[in-house]
Amino acid sequence: MNRAYQLTPLQEASPGMVLGEVLRDEKGNVLLAQGVVLTEGMLASLARHGVEILPILVASPAAPPIDAARVQERLDHVFRKHERGSNDDWATTILRQYIEDFRLQREVQR
């Protein structure tokens, strides 16, 4: 797990939050592993251990949706010397198809 986290005071933490890093006590002993989903009991136990700050995982923003029309427009520009659907240059046709599949995140058909 290599995602961003923010340091959150224990009082602001709530059950369901996820640890972004391994949590250790002042002696270096592991209290909780990275990626653990916090529960009410865990939060109470951490307070007893004197933990004040938690590395809470920050939700990453969702990827923007793919605009298929914009992808096609861009490919039409890049391959402007080769008409779409034209079979006169098989290598360019295959290259365009692979790029189109990649950009539209489609499975490659072989």
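No experiment lies behind these values; they were computed from the predicted model shown. (Residues numbered from 1 in each chain as written. Predicted model: local features only at pLDDT ≥ 70, side-chain atom pairs only at ≥ 80, totals over all residues. Heavy atoms only, no water.)

K.L.:
Explain a nonpolar patch on the surface to me, using residue names and the numbers behind them.
P.N.:
A grouping of Tyr5, Leu7 and Ile53 is seen on the molecular surface, where their side chains present a nonpolar patch of about 300 Å² in accessible area. Looking at where Ile53 falls in the secondary structure, it is placed in strand β4 (residues 53-57). (Patch = residues over 30% accessible without salt bridge, like charges linked within 9 Å, V, L, I, M, F, W, Y side chains within 5 Å. Areas by Shrake-Rupley, 256 points an atom, 1.4 Å probe, with all protein chains shown as cover. Salt bridge = Lys/Arg side-chain N within 4 Å of Asp/Glu carboxyl O. Helix = DSSP H or I, 4+ residues; strand = E, 2+ residues; numbered from the N terminus.)

K.L.:
Go over the nonpolar core, please, and point to the residues and values.
P.N.:
In this structure, Leu10, Ala13, Leu19, Leu23, Leu32, Val36, Leu38, Leu43, Leu46, Val51, Leu54 and Ile56 together form the largest nonpolar core, which totals twelve residues. Those elements giving two or more residues to this core turn out to be α1 (40-48) and β4. Setting aside its immediate chain neighbours within four residues, Leu54 contacts Gln6, Leu7, Thr8, Leu10, Ala13, Leu19, Leu23, Leu38, Leu43 and Leu46. (Core = buried A, V, L, I, M, F, W, Y, C linked by side-chain atoms within 4.5 Å. Buried < 20%, exposed > 50% of the residue type's maximum accessible area, 1.4 Å probe, protein only. Contact = heavy atoms within 4.5 Å.)

K.L.:
Give me the lowdown on helix α3 (residues 90-103), citing residues and values where you can.
P.N.:
For α3, spanning 14 residues, the distance from its first C-alpha to its last is 20 Å, which sits close to the expected 20 Å at 1.5 Å a residue. All of the buried residues in α3 are Thr92, Arg96, Glu100 and Asp101. Along α3, the residues classed as buried sweep out an arc of 170 degrees about the axis, all on the same side. Along α3, the residues that are exposed and aim more than 90 degrees away from the buried face are Trp90 and Phe102. Residues of α3 that are buried make contact with α2 (68-78). Backbone geometry just after α3 places Gln105 at a positive phi near 55 degrees. (Expected span 1.5 Å × (residues − 1). Arc of directions from axis to C-beta.)

K.L.:
Let's hear about a positive patch on the surface: which residues, and what values?
P.N.:
A grouping of Arg70, Arg74, Arg80, Lys81 and Arg103 is seen on the molecular surface, where their side chains present a positively charged patch. Relative to the helices and strands, Arg74 is located in helix α2. (Lys, Arg positive; Asp, Glu negative; His and termini not counted. Charge placed at Lys NZ, Arg CZ, Asp CG, Glu CD.)

K.L.:
Can you explain the pattern of salt bridges? Please cite residues and give values.
P.N.:
Within this structure, the stated rule accounts for four salt bridges. For Glu100, the salt bridge goes to Arg106, with nearest N and O atoms at 2.9 Å. A salt bridge links Arg106 to Asp101, with the shortest nitrogen-to-oxygen separation between them at 2.8 Å. With relative accessibility at 6%, the residue Asp101 sits in the buried group. Overlapping salt bridges bring together Asp76, Arg96, Glu100, Asp101 and Arg106 as one network.

K.L.:
Describe the pairing of β4, and please don't skip the residues or the numbers.
P.N.:
Taken residue by residue, a regular strand's side chains alternate between the two faces of the sheet. Most of β4 sits inside the fold, with four of its five residues counted as buried. Across five bridges, strand β1 (residues 5-9) lies against β4 in antiparallel orientation. Bridge pairing links Thr8 to Leu54 in β4. (Pairing = 2+ DSSP bridges.)

K.L.:
Just give me the short version of the environment of Leu23, but keep the residues and values in it.
P.N.:
By secondary structure assignment, the location of Leu23 is in strand β2 (residues 23-24). Leu23 sits 18 residues away from Gly41 along the chain, and the two C-alpha atoms are 16 Å apart. For Leu23, the residues in contact, after removing those within four places along its chain, are Asn29, Val30, Leu31, Leu32, Leu46, Val51, Ile53, Leu54 and Pro55.

K.L.:
Account for the packing of α2 against α3, with residues named and values stated.
P.N.:
As a packed pair, α2 and α3 sit with axes 10 Å apart at the nearest point and diverge in direction by 155 degrees. On the basis of the axis angle, α2 is roughly antiparallel to α3. Seen along the crossing, α2 lies across α3 with a hand that is right-handed. On α3, the residues touching Val71, Gln72, Arg74, Leu75 and Asp76 of α2 are Arg96, Ile99, Glu100 and Arg103. When the residues that make up the contact of α2 with α3 are grouped by side-chain class, the tally is three nonpolar, one polar and five charged. (Axes fitted to C-alpha atoms, helices over the stretch in contact; angles between N-to-C directions. Parallel < 35°, antiparallel > 145°, perpendicular 65-115°, else oblique. Left-handed = near helix turned anticlockwise from the far one by under 90°. Nonpolar A, V, L, I, M, F, W, Y, C, P; charged D, E, K, R; others polar.)

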